[in-house]
Structure formats: C-alpha cells, structure tokens
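# Structural overview
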Amino acid sequence: MDKAKKKILITRILRVCILAAAAVALFLLGKIPEVAEYFFARGLTRGAGRIIGFLTGLLPVSFYEWTAVFLIVGGVALFVWLIVTLCRRRFARVGRAVYRLGVAVLCVLIAYGALYAPLYQRASAVSALGLTETEVTEEEVYAAAEYYVEALNRTAEALERDEEGNVVSPHSFSETADLINAEFAKIDADGYFAPYDVRPKRVVLSVPMSYLGITGIYFPFYAEANVNVNIPSYEIPNTMAHEMAHAKGVSRENEANIVSYVLCIRSEDAYLRYSGLMRAASVMLGNLNGEESAQLRARLAPEILREYANGSAHYAKYEGPIDRISAFFNDLFLKANGIGSGTRSYGETARSLVALYKTLEAE
C-alpha cells in the first residue's frame with residue numbers, strides 16, 4: 001500500500017472512530033435522567049425539534065413516507081450494486097461504499113441520540129398530567145370501566161354516523177389538529193410539554209402503512225407527527241394526539257397513550273371525547289374478568305358495539321406476515337431503547353386510566 005492510500009485509510013478510520021465516539025457519548029449522556037430532562041428534553045431536543053418542525057411544516061407533505069420509499073428502493077438498489085460489484089472483483093469500490101454507508105449510519109445515530117433517545121429517560125408524563133398512579137383494586141378497575149362505558153354512551157348520542165354505522169368527523173384533519181393543540185395548551189405541566197404547536201401530517205401511502213400495522217408514527221429526524229388516515233374515523237383524534245405527544249417530548253408509548261386519552265377525554269369537543277372514550281373503554285374492559293367485561297359490554301349502545309365490530313373488521317383486512325414482521329422490529333426497537341415490555345407497552349395504561357377516572361370523579 002502506497003503512502004497516499006495509507007493516509008486515506010487512516011483518515012477514514014479516524015473519522016469513523018470520532019463519529020462512533022460522539023454517538024456513544026450522546027447516548028451515555030442521554031441515559032442520565034437529569035441531563036435527559038433539562039439539557040435534552042427541555043433544551044437541545046426541544047429547540048432542534050422546534051426549528052426542524054417549523055421547516056418541514058412549511059409543506060403539507062409527509063417527508064417521512066417519501067424518505068421511507070427512498071430508503072426501501074435505495075436499499076434494494078445498493079444491495080444489487082454491491083453484489084454485482086463484488087462479482088466483478090472491484091473491492092476498492094465496495095470498500096468506499098461500505099465506508100460511506102457506515103458514516104451515514106453513524107450520523108443518523110448521532111442525530112437520533114440528540115433528537116429523541118434521551119426522552120426515554122426523562123420524568124414520567126403521567127405525573128406531569130397531574131395523575132397519581134397507585135396500586136389499584138379490582139373494584140376500582142370495574143368502577144373505572146363502568147365510568148368510561150357510561151360516558152361513552154352519553155357522548156355517542158351527540159355524533160352523526162354514516163350508513164355503515166361509523167362516526168362522521170365534524171372537523172377537517174387540520175381542525176382536529178388545532179383542537180388537540182388547544183388541549184395541550186390547557187395543561188399546566190410546568191413546562192413538561194414543548195410549548196409550540198405541532199402540525200401533524202396525513203400519510204398519502206396510508207394503505208401500505210396499514211399492512212405494516214402502523215396507525216401513526218413520529219419521525220424525529222423531521223420532527224414530524226405522521227397519521228395513517230386509513231383507520232376508523234373514531235381513531236383519528238386519539239392517534240393524532242398520540243403522535244403529537246411524541247412531538248411534544250413524550251417518547252414512551254404507554255405514556256403517549258395516556259396523554260392522548262387525557263387530552264381527548266377532557267375535551268369539550270364531542271368527537272375528540274368520543275375517540276378517547278372508545279379507546280379507554282376498550283382498554284378497561286380488556287382488564288376485567290370475562291364475566292364482568294361481558295356485563296359492562298352489554299351496556300354499551302348498539303351503535304358503539306357496531307363501530308367496534310367495524311373497527312375490528314377493518315384491521316383484520318391488513319393482518320398478515322408483513323404486519324407481524326413490522327411488529328417484531330418495532331418490539332426490538334422499543335426494547336433497545338430501554339422499554340423492557342416492547343410493543344406490550346402500548347397497552348400498559350390501565351392504572352393511568354383508573355387514576356384519570358378518580359380525577360374526573362372528584363371534579
């Protein structure tokens with residue numbers, strides 16, 4: 001190896017080592033709760049998210065979905081190119097490509113370490129909502145489930161439905177986002193949530209997204225809250241609020257769930273309230289024994305039962321191997337970020353819903 005090539009090799013190795021060290025340092029800093037809370041969540045991450053979100057929000061286009069398409073097509077093309085180039089024994093070109101790919105991956109890790117990873121270590125969003133979680137009794141779970149069922153029945157009466165029995169949204173996508181931003185503004189959480197409005201994006205490729213089992217996704221690199229609009233109408237506000245919660249600084253899925261439930265259920269808007277109550281009632285009924293669950297389920301209005309059935313039928317159309325593969329990788333991603341229960345964390349909201357019920361009853 002001549003001196004010029006040796007110098008290039010050493011430079012590349014040093015560059016990779018520096019980037020790797022920077023990524024490790026960011027992730028280690030983000031593991032310290034105080035640093036995660038005050039340096040990242042309320043400082044660097046929030047500031048960067050505000051700027052990036054403003055820029056990507058200038059266009060009503062989901063940059064996430066087109067990036068996903070580019071990565072899928074580009075990944076296949078790169079794989080084919082590598083195989084062909086290796087077969088032609090052009091190892092130097094392959095080496096350069098692998099080096100550039102490694103640098104790109106490290107840069108993405110650094111960006112993720114600054115824009116999102118530390119949020120997993122910050123204080124609980126449940127506490128910021130003013131909810132006090134304690135061990136709950138079976139009686140309290142039943143009482144909470146009964147409360148949500150009765151509230152759901154009352155709220156359902158105020159909404160119109162289409163010929164298939166599904167609730168019709170009285171708001172546009174943008175108007176729904178405005179309502180949710182207004183609900184966030186009402187929360188007195190001592191600066192826990194980012195103070196700026198979030199503009200969620202409609203995903204054009206929502207049907208392919210449904211096959212992946214994804215109803216919404218927050219993409220931190222663009223500070224984008226993306227919503228799959230190929231979901232039942234009653235799910236839209238709750239899903240939107242969930243993704244907006246991520247953009248506001250909540251990373252854990254179970255906490256983003258409870259934030260979305262609180263925002264929707266406390267809202268004076270019947271459509272938002274209905275969306276939150278549909279999810280809350282379903283979660284609480286699922287935490288009762290068979291007999292008690294059936295007893296309360298029988299008290300739901302026929303139109304609500306029909307809408308639940310419609311929702312189940314809708315999601316069943318998209319179940320399959322692609323959905324299971326997507327869920328597997330999502331589970332790995334969550335566990336890699338310190339969420340030991342993985343995708344099961346989406347359903348870990350029953351205690352918080354009992355705490356919310358107690359708060360609502362006391363008002």
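As a starting point, this report considers the structure included with it. Computed from a predicted model, the values in this text were never measured in an experiment.

## A short note on the pattern of salt bridges
Opposite charge on two side chains permits pairing when their charged atoms draw close. Scanning the model with the defined rule gives 10 salt bridges in all. For arginine 42, the salt bridge goes to glutamate 37, with nearest N and O atoms at 2.7 Å. Close ionic contact of glutamate 307 with arginine 161 constitutes a salt bridge, the shortest N to O distance being 2.6 Å. Taken together, the residues glutamate 307 in helix H13 (residues 302-316) and arginine 161 in the loop between helix H6 (138-156) and helix H7 (173-186) connect sequence positions 146 residues apart.

## Points about the side chain of asparagine 181
Note that asparagine 181 resides in helix H7. What asparagine 181 contacts, discounting residues up to four positions off in sequence, is Asp197, Val198, Arg199, Met244 and Lys248.

## Quick notes on the nonpolar core
Counting residues in each nonpolar core, the largest one holds 76 residues, and the members touching the most others are Tyr148, Leu152, Val259, Tyr274, Met284, Ile304 and Leu353. When residues in this core are grouped by element, the largest group, 11 residues, is from helix H11 (residues 270-286). Beyond its immediate sequence surroundings of up to four residues, methionine 284 is in contact with Val141, Ala144, Ala145, Tyr148, Ala350, Leu353 and Val354. In this structure, Tyr64, Val203, Met209 and Ile214 belong to the second largest nonpolar core, which totals 5 residues.

## Digging into the packing of H11 against helix H15 (residues 350-362)
Two elements in contact, H11 and H15, have axes whose closest approach is 10 Å; the angle formed by their N-to-C orientations is 115°. Crossing of H11 against H15: the hand is left-handed. Contacts from Ala280, Val283 and Met284 of H11 reach H15 at Ala350, Leu353 and Val354. A breakdown of the residues in the contact of H11 with H15 according to their chemical character gives 6 nonpolar, no polar and no charged.

## Digging into H13
The first and last C-alpha atoms of H13 sit 21 Å apart over 15 residues, in line with the 21 Å expected at 1.5 Å per residue. Where H13 is buried, its residues touch H6, H11 and helix H12 (290-297).

## So, the sheet that holds strand S2 (residues 216-219)
The mixed open sheet is built from 3 strands, whose spatial order is S1-S3-S2. Sheet topology places strand S1 (201-203) and S2 at the edges, where each strand pairs with a single neighbour. The sheet shows a mean angle of 30° between the axes of neighbouring strands, taken without regard to direction. In this sheet, strand S3 (residues 224-228) lies alongside S1 in parallel orientation, the contact comprising 3 bridges. Residue pairing for S3: arginine 202 is matched across the bridge by valine 227. Contacts between helix H9 (residues 236-247) and the sheet are confined to S2 and S3, with S3 contributing the most and set at about 160° to the helix.

Cut-off values and rules
- Residues numbered from 1 in each chain as written.
- Predicted model: local features only at pLDDT ≥ 70, side-chain atom pairs only at ≥ 80, totals over all residues.
- Heavy atoms only, no water.
- Salt bridge = Lys/Arg side-chain N within 4 Å of Asp/Glu carboxyl O.
- Helix = DSSP H or I, 4+ residues; strand = E, 2+ residues; numbered from the N terminus.
- Contact = heavy atoms within 4.5 Å.
- Core = buried A, V, L, I, M, F, W, Y, C linked by side-chain atoms within 4.5 Å.
- Buried < 20%, exposed > 50% of the residue type's maximum accessible area, 1.4 Å probe, protein only.
- Axes fitted to C-alpha atoms, helices over the stretch in contact; angles between N-to-C directions.
- Left-handed = near helix turned anticlockwise from the far one by under 90°.
- Nonpolar A, V, L, I, M, F, W, Y, C, P; charged D, E, K, R; others polar.
- Expected span 1.5 Å × (residues − 1).
- Pairing = 2+ DSSP bridges.

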